[in-house]
Amino acid sequence: MPPAQPLCRPKSAPDVVINTPRNVRRMAAVMRAAGVKPELEIFDSGDLHLARDLIADGTLDGPGMWTFVLGVKYGFSATPETLLYARNLLPQGAVWSCT
(Lines give C-alpha, C1' and ligand atoms only; values in the text may rest on other atoms or scores of the structure.)
Protein backbone atom coordinates (compact mmCIF):
# COMPACT_ATOMS: atom_id res chain seq x y z
CA MET A 1 0.00 0.00 0.00
CA PRO A 2 1.44 3.44 -0.89
CA PRO A 3 2.06 5.89 1.96
CA ALA A 4 -0.72 8.33 2.79
CA GLN A 5 -0.42 11.68 1.07
CA PRO A 6 -0.98 14.94 2.98
CA LEU A 7 -4.21 16.79 2.26
CA CYS A 8 -2.55 20.20 2.33
CA ARG A 9 0.91 20.80 0.95
CA PRO A 10 2.67 24.15 0.46
CA LYS A 11 3.11 24.91 -3.24
CA SER A 12 5.71 27.67 -3.01
CA ALA A 13 7.51 29.68 -0.33
CA PRO A 14 7.18 28.53 3.29
CA ASP A 15 4.92 31.52 4.02
CA VAL A 16 2.35 30.71 1.33
CA VAL A 17 -0.06 27.76 1.20
CA ILE A 18 -2.26 27.40 -1.85
CA ASN A 19 -5.46 25.42 -1.38
CA THR A 20 -7.23 25.10 -4.71
CA PRO A 21 -11.03 24.70 -4.68
CA ARG A 22 -10.52 21.09 -5.81
CA ASN A 23 -8.19 20.35 -2.89
CA VAL A 24 -10.47 22.10 -0.40
CA ARG A 25 -13.38 19.95 -1.63
CA ARG A 26 -11.24 16.85 -1.09
CA MET A 27 -10.36 17.94 2.45
CA ALA A 28 -14.03 18.70 3.15
CA ALA A 29 -15.06 15.21 1.99
CA VAL A 30 -12.48 13.56 4.26
CA MET A 31 -13.61 15.67 7.24
CA ARG A 32 -17.30 14.95 6.58
CA ALA A 33 -16.58 11.20 6.33
CA ALA A 34 -14.79 11.39 9.70
CA GLY A 35 -17.68 13.29 11.30
CA VAL A 36 -15.58 16.42 11.84
CA LYS A 37 -17.05 19.91 11.85
CA PRO A 38 -14.32 22.03 10.24
CA GLU A 39 -13.15 25.38 11.47
CA LEU A 40 -12.87 27.72 8.48
CA GLU A 41 -9.66 29.75 8.83
CA ILE A 42 -10.05 32.87 6.73
CA PHE A 43 -6.96 34.87 5.75
CA ASP A 44 -8.53 37.14 3.11
CA SER A 45 -11.84 37.89 1.41
CA GLY A 46 -11.16 35.31 -1.31
CA ASP A 47 -11.08 32.56 1.33
CA LEU A 48 -14.38 33.81 2.69
CA HIS A 49 -16.08 33.87 -0.71
CA LEU A 50 -14.79 30.38 -1.54
CA ALA A 51 -16.11 29.01 1.77
CA ARG A 52 -19.51 30.62 1.14
CA ASP A 53 -19.63 28.98 -2.30
CA LEU A 54 -18.77 25.62 -0.72
CA ILE A 55 -21.62 26.05 1.75
CA ALA A 56 -24.00 27.08 -1.04
CA ASP A 57 -23.20 23.99 -3.13
CA GLY A 58 -23.40 21.61 -0.15
CA THR A 59 -19.68 20.76 0.07
CA LEU A 60 -19.64 22.25 3.59
CA ASP A 61 -22.47 22.50 6.10
CA GLY A 62 -23.42 26.02 7.05
CA PRO A 63 -23.47 28.40 8.64
CA GLY A 64 -20.03 27.30 9.78
CA MET A 65 -17.41 27.95 12.43
CA TRP A 66 -15.11 30.74 11.19
CA THR A 67 -11.80 32.16 12.40
CA PHE A 68 -10.45 35.34 10.85
CA VAL A 69 -6.66 35.35 10.83
CA LEU A 70 -5.58 38.99 10.87
CA GLY A 71 -2.19 40.61 10.38
CA VAL A 72 -0.65 37.96 8.11
CA LYS A 73 1.37 39.24 5.16
CA TYR A 74 -0.82 39.45 2.02
CA GLY A 75 -3.95 38.74 4.05
CA PHE A 76 -6.47 40.65 6.15
CA SER A 77 -5.05 43.70 7.93
CA ALA A 78 -5.34 43.68 11.70
CA THR A 79 -7.77 46.59 11.91
CA PRO A 80 -11.29 46.99 13.32
CA GLU A 81 -12.48 48.04 9.85
CA THR A 82 -11.21 44.82 8.29
CA LEU A 83 -12.82 42.72 11.00
CA LEU A 84 -16.16 44.49 10.54
CA TYR A 85 -15.96 44.01 6.75
CA ALA A 86 -15.25 40.28 7.11
CA ARG A 87 -17.87 39.71 9.76
CA ASN A 88 -20.51 41.35 7.58
CA LEU A 89 -19.82 38.79 4.82
CA LEU A 90 -20.58 35.78 7.04
CA PRO A 91 -23.74 33.72 6.63
CA GLN A 92 -26.51 34.41 9.13
CA GLY A 93 -25.94 32.46 12.34
CA ALA A 94 -22.24 31.82 11.80
CA VAL A 95 -20.02 31.34 14.84
CA TRP A 96 -16.80 33.31 14.51
CA SER A 97 -13.64 34.47 16.23
CA CYS A 98 -10.44 36.23 15.22
CA THR A 99 -6.80 35.84 15.95
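Scope of this entry: the structure provided in the associated data block. The numbering scheme is per chain: residues are counted from 1 as the chain's sequence reads. pLDDT decides what is reported in this predicted model: residues at 70 or higher carry local features, side-chain atom pairs at 80 or more are listed and counted, and totals for whole chains, interfaces and linings draw on all residues regardless. Note: side-chain values were computed over all heavy atoms of the structure, leaving out hydrogens and water.

A short note on the overall build of the chain
And then number 1: Of the regular secondary structure elements, the chain holds 3 helices and 3 strands.
And then number 2: What you see in the chain, going N to C, is helices and strands ordered as α-β-α-β-α-β.
And then number 3: Note on contacts: a residue pair is in contact if any heavy atoms of the two residues lie within 4.5 Å. Residue pairs in contact within the chain that sit at least 24 positions apart in sequence constitute 56% of those at least 6 positions apart.
And then number 4: With an accessible surface of roughly 6800 Å², the chain has 58% of that area assigned to carbon and sulfur atoms. Elements are defined by DSSP. Helices are runs of H or I of four residues or more, strands are runs of E of two residues or more, and each kind is numbered from the N terminus. Methods summary: accessible areas were calculated by the Shrake-Rupley approach with a probe of 1.4 Å, and residue burial reflects only the protein chains presented.

Overview of the side chain of Thr67
And then number 1: Relative to the assigned elements, Thr67 resides in strand β2 (residues 65–68).
And then number 2: Working definition: with a 1.4 Å probe on protein chains only, accessible area under 20% of the residue-type maximum means buried, over 50% means exposed, and in between means partly exposed. You can call Thr67 buried: its relative accessible area is 9%.
And then number 3: Polar contacts involving the side chain of Thr67 include one to the side chain of Glu39, which spans 2.4 Å.
And then number 4: In this structure Thr67 touches Glu39, Leu40, Glu41, Ile42, Ser97, Cys98 and Thr99, once residues within four positions along its chain are discounted. Polar contacts, as used here, are pairs of N or O atoms within 3.5 Å; protein pairs need one atom able to donate a hydrogen and one able to accept it. Residues neighboring in sequence count only if both atoms are side-chain atoms.

Focus on the pattern of salt bridges
And then number 1: For salt bridges, the criterion is a side-chain nitrogen of Lys or Arg within 4 Å of an Asp or Glu carboxyl oxygen. Applying the stated rule across the entire model yields 2 salt bridges.
And then number 2: The partner of Arg25 in a salt bridge is Asp57, and the shortest N-O contact between them spans 2.7 Å. Remark: Asp57 occurs in the loop between α2 (45–56) and β2 and Arg25 occurs in helix α1 (residues 21–33); sequence separation between them is 32 residues.
And then number 3: Using a relative accessible area of 35% as the deciding quantity, one classes Arg25 as partly exposed.

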